[in-house]
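Each chain is listed here by its residues.
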Amino acid sequence: LLGTFTACGAGTPKETGSTIPTEAEDDGVIDVLMIGNSFCYYYVEELVGLAAADGVNMRVCNVYYSGCKLNQHYNWWLTREAPYQFFVTTAENGRVKTDNVTLEWCLAQGKWDYISLQTPQYTSSTVDAKTALEENRLYLDTFITYLREHFPKAQLAWHQTWAYAIGTAGNGTVTDADRQLFTHERNLSFSLMVCEQYDLLRINTGDAWKIIRDGGYDKLCARIGKGTNHEGDYYHDGDVGGGQYLNACVWYETITGNSVVGNTYRPVYTYGGMEIPLNSDMTYEKLQEAAHQAVLNKQAQEAK
């Protein structure tokens with residue numbers, strides 16, 4: 001466990017007596033820690049499935065609290081509260097959950113090769129990307145400094161998430177085509193600023209979603225319900241809609257450098273004992289190609 005934290009200066013944690021692991025471990029396993037919310041929750045089983053099909057041993061862990069933003073992670077870190085669920089997902093054991101743990105406890109569970117951060121997208125048109133960055137600067141400065149000190153061999157990453165689907169989301173947000181494009185572009189701008197200023201690896205699932213949507217398909221949120229395929233909640237990634245698989249493909253190719261095109265892994269989604277296929281307008285091959293193109297586009301942009 002980590003040592004006790006007390007607030008000092010402008011709310012910066014002060015550490016005493018830490019026993020946290022400090023180095024990634026060359027053990028043949030890629031250990032990934034995602035600090036976030038439900039936007040890094042649903043697709044992890046698909047991620048380890050893609051890895052296993054490609055002969056890669058991957059362990060993916062989630063520090064999870066629904067809707068959690070960077071400021072909330074930061075505040076709970078300072079106060080050492082234990083609201084989190086910690087999920088460990090492997091191809092061998094599936095997903096294993098531990099309830100009511102602190103962020104410190106989660107960090108101490110591995111010698112991480114990758115650690116990702118994210119924050120929910122801004123749905124207000126009055127907050128531009130630069131303002132969003134300033135609103136999160138204290139939390140980014142503190143987390144990234146701490147993680148680099150304690151995990152010097154870990155690759156730190158930023159998850160560029162996706163815009164909501166057209167319709168009314170479960171949180172009451174109404175999205176039309178213009179708002180969807182606006183949100184995507186602001187998420188992209190914000191992520192580019194964060195990654196440039198903090199030298200983070202950008203995991204651009206949002207770009208892959210746009211590629212699929214530009215092809216005329218906007219059902220990536222669709223999820224199994226009552227035995228039929230429906231629209232989901234319009235903002236989480238769906239299973240039968242393909243959002244989960246698409247996200248997993250982007251993560252896998254970004255982390256490993258291995259193309260997902262041609263990967264043989266196909267998840268099985270069931271309801272009431274029946275296997276439910278992807279929506280008829282989508283295929284796993286299309287999802288692989290979109291993820292691959294998003295990663296290639298990012299690499300070309302970064303090479304300029």
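Residues numbered from 1 in each chain as written. Predicted model: local features only at pLDDT ≥ 70, side-chain atom pairs only at ≥ 80, totals over all residues. Heavy atoms only, no water.

Engineer: Explain the overall build of the protein here, please?
Structural biologist: Broken down by element type, the protein carries eight helices and 15 strands. Relative to its 304 residues, the protein shows a buried fraction of 53%. Pairs at least 24 apart in sequence give 71% of the contacts found in the protein among residues at least 6 apart. Surface summary for the protein: the accessible area is close to 13100 Å², and the carbon and sulfur share equals 48%. (Helix = DSSP H or I, 4+ residues; strand = E, 2+ residues; numbered from the N terminus. Buried < 20%, exposed > 50% of the residue type's maximum accessible area, 1.4 Å probe, protein only. Contact = heavy atoms within 4.5 Å. Areas by Shrake-Rupley, 256 points an atom, 1.4 Å probe, with all protein chains shown as cover.)

Engineer: Can you help me understand the sheet that holds strand β4 (residues 58-64) in this one?
Structural biologist: Backbone hydrogen bonds are what pair the strands of a sheet, in a parallel or an antiparallel way. Sheet architecture is open: seven strands sit in the order β6-β5-β4-β3-β7-β8-β11, paired in mixed fashion. Each edge of the open sheet carries a strand with a single partner, namely β6 (94-101) and β11 (201-203). The sheet shows a mean angle of 20° between the axes of neighbouring strands, taken without regard to direction. Bridge count for strand β5 (residues 84-90) against β6 is six bridges, and the pairing is antiparallel. Its bridge partner being in β6, T90 is matched across the sheet by G94. (Pairing = 2+ DSSP bridges. Axes fitted to C-alpha atoms, helices over the stretch in contact; angles between N-to-C directions.)

Engineer: Hey, could you run me through the confidence of the model for the protein in this one?
Structural biologist: Averaged over all residues, the pLDDT of the protein equals 89, while 89% of them reach at least 70. Contacts from residues 1-19, a stretch scored under 50 in pLDDT, to residues over four places away or in other chains number 42 contacts. (pLDDT = per-residue confidence, 0-100.)

Engineer: Could you clarify how one ought to interpret the layout of surface pockets in this entry?
Structural biologist: Vacant regions in the atomic arrangement are exposed by a probe of water-molecule size rolled over the atoms. Considered as a void within the structure, the second largest pocket measures approximately 160 Å³ in volume. If you go around the second largest pocket, the residues you meet are Y41, Y42, E45, E46, R95, R223, D239, Q244, Y265, P267, V268 and Y269. A breakdown of the residues in the lining of the second largest pocket according to their chemical character gives six nonpolar, one polar and five charged. (1 Å grid on protein atoms, 1.4 Å probe; cavity = no way out; pocket = protein on both sides within 12 Å on 5 of 7 lines; lining within 4 Å. Points joined across faces, edges and corners; volume = space filled by probe spheres on them. Nonpolar A, V, L, I, M, F, W, Y, C, P; charged D, E, K, R; others polar.)

Engineer: Explanation requested: the nonpolar core in the structure shown.
Structural biologist: Considering soluble globular proteins, one finds that nonpolar side chains tend to be buried as a cluster. In this structure, V32, M34, M58, L246 and L287 are the most contacted members of the largest nonpolar core, which totals 51 residues. Of all the secondary structure elements, the ones that give two or more residues to this core are β3 (30-36), α1 (44-53), β4, α6 (205-214), α7 (243-256) and α8 (284-303). No other element matches α7, which puts eight residues into this core. Excluding anything up to four places from it in sequence, L287 contacts I212, L220, G242, Y245, L246, L278 and M282. Counting 39 residues, the second largest nonpolar core, distinct from the first, contains I35, V101, C106 and L147. (Core = buried A, V, L, I, M, F, W, Y, C linked by side-chain atoms within 4.5 Å.)

Engineer: Would you mind going over the packing of helix α2 (residues 70-79) against helix α4 (residues 129-150) with me for this structure?
Structural biologist: Describing two packed helices takes the angle between their axes plus the distance from one axis to the other. Orientation of α2 relative to α4, taken along the N-to-C sense of each, is 55°, at an axis distance of 9 Å. For the element pair α2 / α4, the angle class is oblique. Along this stretch, α2 crosses α4, giving a crossing that reads as left-handed. Taking contact as the criterion, the partners of L70, N71, H73, Y74 and W77 in α2 are, on α4, N136, L138, Y139, L140, T142, F143 and Y146. Residue composition of the contact of α2 with α4, by class: eight nonpolar, four polar and no charged. (Parallel < 35°, antiparallel > 145°, perpendicular 65-115°, else oblique. Left-handed = near helix turned anticlockwise from the far one by under 90°.)

Engineer: Teacher, can you tell me more about the environment of D26 here?
Structural biologist: With respect to the secondary-structure elements, D26 resides in the loop between β2 (12-15) and β3. The class of D26 is exposed, set by a relative accessible area of 82%. For the pair D26 and D113, spaced 87 residues apart in sequence, the C-alpha to C-alpha distance is 9.0 Å.

Engineer: Please explain the pattern of salt bridges as it appears in this structure.
Structural biologist: Pairing between side chains of opposite charge can happen when their charged atoms approach one another. The full count for this structure, using the stated rule, is nine salt bridges. The salt bridge involving E104 is made with R80; its shortest N-O contact spans 3.8 Å. On the criterion of sequence distance, the pair formed by E104 in helix α3 (residues 103-107) and R80 in the loop between α2 and β5 is long-range, its members being 24 residues apart. In this structure R80 comes out as partly exposed when scored by relative accessible area, which is 30%. (Salt bridge = Lys/Arg side-chain N within 4 Å of Asp/Glu carboxyl O.)

Engineer: What exactly am I supposed to notice about α1 here?
Structural biologist: An α-helical turn contains 3.6 residues, so a residue and the one three or four places further along point in the same direction. Most of α1 is tucked away: seven of the ten residues are buried. Residues of α1 that are buried: V44, E46, L47, V48, G49, L50 and A51. Looking at the buried residues of α1, the elements they touch are β3, β4, β5, β6, α7 and β14 (269-271). Positive backbone phi, at 75°, marks G55, one or two positions downstream of α1.

Engineer: How should I be thinking about unusual backbone geometry in this particular structure?
Structural biologist: Phi is mostly negative for residues that are not glycine, and the peptide bonds are mostly trans. Unusually for a residue other than glycine, D199 sits at a positive phi of about 55°. The topology assignment puts D199 in the loop between α5 (177-198) and β11. Phi is positive for Y234, which is not a glycine, with a value near 75°. Structurally, Y234 is set in the loop between β13 (228-229) and α7. What makes Y234 partly exposed here is its relative accessible area of 22%.

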